[in-house]
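Now for the letters of each chain:
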Amino acid sequence: MTIQEVEKLAGMTRANIRFYEKEGLITPERNEANNYREYRDSDVEALRKIKYLRMLGISVKDIKRIIEKELVSAEQTENT
C-alpha cells in the first residue's frame with residue numbers, strides 16, 4: 001500500500017511515518033521495479049501502536065526497545 005493510504009489508516013503524517021522508518025521502527029519493503037516503498041498491514045499496525053505509546057508519553061528510544069524485545073520474543077517462540 002502507498003504512504004498516502006498508510007497516512008489515512010494510521011492517522012499520522014508522512015513526515016512521522018518517514019521518521020519512524022528512519023528510526024528503524026518500521027521497515028517497508030521496496031518494489032524492485034520502481035524502488036517505491038510498499039507498506040504492509042503490519043506496518044500500519046506498528047504505526048498505530050507507536051502512536052498510542054507516544055500519546056502515553058513513552059519515548060521513541062523506549063518504543064524501539066519494546067519492539068526489539070517483541071521481535072526477540074517472537075523468534076524464541078518460533079524456535080521452540
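Because the structure is predicted, anything quoted here is derived from the model rather than measured. (Residues numbered from 1 in each chain as written. Predicted model: local features only at pLDDT ≥ 70, side-chain atom pairs only at ≥ 80, totals over all residues. Heavy atoms only, no water.)

S.K.: Give me the overall build of the chain: which residues, what numbers.
M.R.: The number of helices and strands found in the chain is four helices and two strands. When the helices and strands of the chain are read in sequence order from the N terminus, they spell out α-α-β-β-α-α. The buried share of the chain, taken over its 80 residues, is 25%. Put simply, of all contacts in the chain between residues at least 6 apart along the chain, 43% involve residues at least 24 apart. (Helix = DSSP H or I, 4+ residues; strand = E, 2+ residues; numbered from the N terminus. Buried < 20%, exposed > 50% of the residue type's maximum accessible area, 1.4 Å probe, protein only. Contact = heavy atoms within 4.5 Å.)

S.K.: I'd love a proper account of the confidence of the model for the chain, names of residues and values included.
M.R.: When pLDDT is averaged across the chain, the result is 90; 88% of the residues are at 70 or more. For the chain, per-element mean pLDDT is lowest for helix H4 (residues 60–79), which scores 77, and highest for helix H2 (residues 14–22), which scores 97. (pLDDT = per-residue confidence, 0-100.)

S.K.: Give me a nonpolar patch on the surface: which residues, what numbers.
M.R.: A surface patch of nonpolar side chains, amounting to about 380 Å² of accessible area, comprises Tyr-52, Met-55 and Leu-56. Residue position: Met-55 is located in helix H3 (residues 41–55). (Patch = residues over 30% accessible without salt bridge, like charges linked within 9 Å, V, L, I, M, F, W, Y side chains within 5 Å. Areas by Shrake-Rupley, 256 points an atom, 1.4 Å probe, with all protein chains shown as cover. Salt bridge = Lys/Arg side-chain N within 4 Å of Asp/Glu carboxyl O.)

S.K.: Report on the packing of helix H1 (residues 3–10) against H2, specifying residues and quantitative values.
M.R.: The contact between H1 and H2 brings their axes to 9 Å, and the two run at 100°. Considered as vectors, H1 and H2 are oriented roughly perpendicular to each other. Each of Ile-3, Gln-4, Val-6 and Glu-7 in H1 lies in contact with H2, whose residues at this interface are Arg-14, Ile-17 and Arg-18. A class-by-class count of the residues in the contact of H1 with H2 yields three nonpolar, one polar and three charged. (Axes fitted to C-alpha atoms, helices over the stretch in contact; angles between N-to-C directions. Parallel < 35°, antiparallel > 145°, perpendicular 65-115°, else oblique. Nonpolar A, V, L, I, M, F, W, Y, C, P; charged D, E, K, R; others polar.)

S.K.: I'd love a proper account of H3, names of residues and values included.
M.R.: Between the first and last C-alpha of H3 there are 21 Å, a value that for 15 residues agrees with the 21 Å anticipated at 1.5 Å per step. Residues of H3 that are buried include every one of Asp-43, Val-44, Ala-46, Leu-47, Ile-50 and Leu-53, and no others. (Expected span 1.5 Å × (residues − 1).)

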